[in-house]
Amino acid sequence: MSVGITARLRAPLPARADMGAILAGSWAQLSPADLAHRPVRLDGDRSVPFGDLFEITGAPAGRITVQGDLGRADRLGAGLSEGAVVVDGNIGDDAGLAMSGGSIDVRGNAGARAGGAESDGRRGMTGGELLVRGNAAAEPGTRMRRGLVVLAGDVAGHAGPGMIAGTVIVVGNAGPAPGRWSKRGSIVALGPIEIPPTYRFACTYQPDHLRLTFLRLRSRYGLMLDERYLTGCYRRYSGDLAELGRGEILAWTAE
Amino acid sequence: MKIRGVFIEDTFAEAFTMRVARLIITGRTARWAREAAVKLTGFATSVIGCKLEAAIERELAGEETPDGRPGFSVLLMTMSKDDLPKRLIERVGQTVLTCPTTACFDGLPDAPDRVGVGSALRFFGDGFQASKVIGGERFWRIPVMEGEFLVQEKFGMVKGVGGGNFLMLARSADAALEAAEAAVAAMSGRTGVILPFPGGVVRSGSKVGSRRIKSMIASTNDAFCPTLRAVTDTQLPEGVNSVLEIVLNGTDADVIAGTMRDGIDAACREGIVAITAGNYGGKLGPHHFHLRKIMAGASA
């Protein structure tokens, strides 16, 4: 069975690379040769073909694995609408920017604004799933409208700013100021979280939909969350009351 | 044909095409999932008077349900495509939404025909409801006094078969009941089959229409009533003093035929004179389950 396409970084990136055009739009059926022609912008001006920076092998099967130190690679998976993307290491800023479908599985750390929005965009993610198995820099899930962002490590802070809907799950430390200016949507904290003053406590209960989500993460990505998160209780906070106030923070509690 | 001395009549059960939905009901414990499933499938023996036919299909372990909790699968069946969504909405709304700890999921995810259930029930949330898309499926979270009720937005609908049946002609009421219980035990808990009548058994088989009241669509099957043997065109052999029927519905004809075979085999025991089946001459229902073919191992 084909495992899809593999793109291996030929040499360390000489500058920050904007990879936003690589997987935007339809790509799942493209051959390695076709993908190799897609442009990567280096340092904001120079454009080089993807194939010049990466050795691209395999056959199209709706899946691409990107290998190498991609800490300077930004916007990978921007506008993603289909297929499965595996990043075998760290990734730079704006991974999965405004993606609408498909999945991104980052096996390392992610830079700022994972699953976020264009700086002038009204909406961030509108669908799909983004999993970061390491830590994430600030502002993951900015202005997301739908979809799922799972951060298995710690977050530097400001998770889900301006969320319109969708779900951000933080397994580690969610950091300060989560869910600021959110209208709807859920921020789920399995570890420590600082509840903003514009959120108000509602109750402690067991949200059934989280079990579905966690079981999907287990079956789809092999992310084995402890059973206590499936069977335990969550403190529900409604907010951001400085905005529409129909969002929520669900904070797991050992009580 | 005889099986352990029981005569198998050369006739067939005549069944109809129905529309089927499978619901998976889960709960904190099997007890609460069962409570909802029992209420959901209550008063659902026959479309003649109940608008739908429904029953528990089988109990599910946590590993078999979408949310990992114990549950039950139920089949609900109607005669028309348009009727099924209405029945689902009213029944799930009144019996699962109301039941502590339960959630309700689609059990036919591959069915291309989808009917809105959660999409209608969400309005009970009075604007406070919220949805989540998980794995490409939308679920509605409806706030309730206990916490939240989770229900899938759409449920699959497929064509199924309703009205598979056989009658056990017995020397006594006790023998009929023993045979029926044995048959039900042999037929229960299978995927794709339900027995919608009480305990899986019918004592009041009906014929189409009425001899006296034109507006009635069904009345007692006098030809099989032992007390009327002397005053009607009876179809009861000598020595038969009680008859019970088993009606089964399913997702396809093959599963019904296979289940009938096991049920009839279990019913062929001491005190049973013959096994027969109900039909309308083959003119109404497209599915014919010939008893002798079934018992010879042939598929319907």
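In this text the structure is predicted, and so the values were computed from the model without any measurement. (Residues numbered from 1 in each chain as written. Chains lettered and ligands numbered in written order. Predicted model: local features only at pLDDT ≥ 70, side-chain atom pairs only at ≥ 80, totals over all residues.)

Colleague: I'd like to hear about unusual backbone geometry, residue by residue, with values.
Modeller: All names here are of chain A. Following Gly239, the chain continues into Asp240 via a peptide bond in cis, with omega recorded as -5 degrees. Relative to the helices and strands, Asp240 is located in the loop between β15 (233–239) and β16 (247–253). Of note in the backbone geometry, Arg113 takes a positive phi value of approximately 60 degrees without being a glycine. Tracing the sequence through the fold places Arg113 in the loop between β9 (103–106) and β10 (126–132). In this structure, His158 is a non-glycine residue whose phi angle is positive, near 55 degrees. Mapped onto the elements, His158 comes out in the loop between β11 (146–151) and β12 (167–170). (Helix = DSSP H or I, 4+ residues; strand = E, 2+ residues; numbered from the N terminus.)

Colleague: Explain helix α1 (residues 30–40) of chain B residue by residue, including any values.
Modeller: For the α-helix, the turn length of 3.6 residues means that residues three or four positions removed from each other point alike. When α1(B) is considered as a whole, its buried residues turn out to be Ala33(B), Glu35(B), Ala36(B), Ala37(B) and Leu40(B). Looking at the buried residues of α1(B), the elements they touch are β3 (12–26), β4 (53–60), β5 (71–78) and α3 (83–96) of chain B. (Buried ≥ 20, exposed ≤ 12 C-beta atoms within 10 Å, placed from the backbone. Contact = placed C-beta atoms within 7 Å.)

Colleague: Please set out the interface of chain B and chain A residue by residue, giving values where relevant.
Modeller: Interfaces are often sized by the amount of accessible area the parts lose when they come together. The interface of chain B with chain A comprises 14 residues on the first partner and 14 residues on the second. Those elements giving two or more residues to the side of chain B that touches chain A turn out to be β8 (130–134), β9 (137–143) and β10 (148–152) of chain B. The element contributing the most residues to the side of chain B that touches chain A is β8(B), with four residues.

Colleague: Any details on the confidence of the model for chain B? Residues and values, ideally.
Modeller: Mean pLDDT over chain B stands at 96; residues scoring 70 or higher make up 99%. The ipTM value of the predicted complex is 0.94, and its pTM value is 0.94. (pLDDT = per-residue confidence, 0-100.)

Colleague: Give me the lowdown on helix α5 (residues 173–187) of chain B, citing residues and values where you can.
Modeller: Residues and elements named next belong to chain B. Helix length check: α5 (15 residues) gives 21 Å between terminal C-alpha atoms against 21 Å at 1.5 Å per residue, within 8%. Within α5, burial applies to Ala175, Ala176, Ala179, Ala180, Ala183 and Met187. Across the axial projection of α5, the buried residues extend over an arc of 130 degrees, all falling on one side. One or two residues past the end of α5 sits Gly189, with phi positive at roughly 75 degrees. (Expected span 1.5 Å × (residues − 1). Arc of directions from axis to C-beta.)

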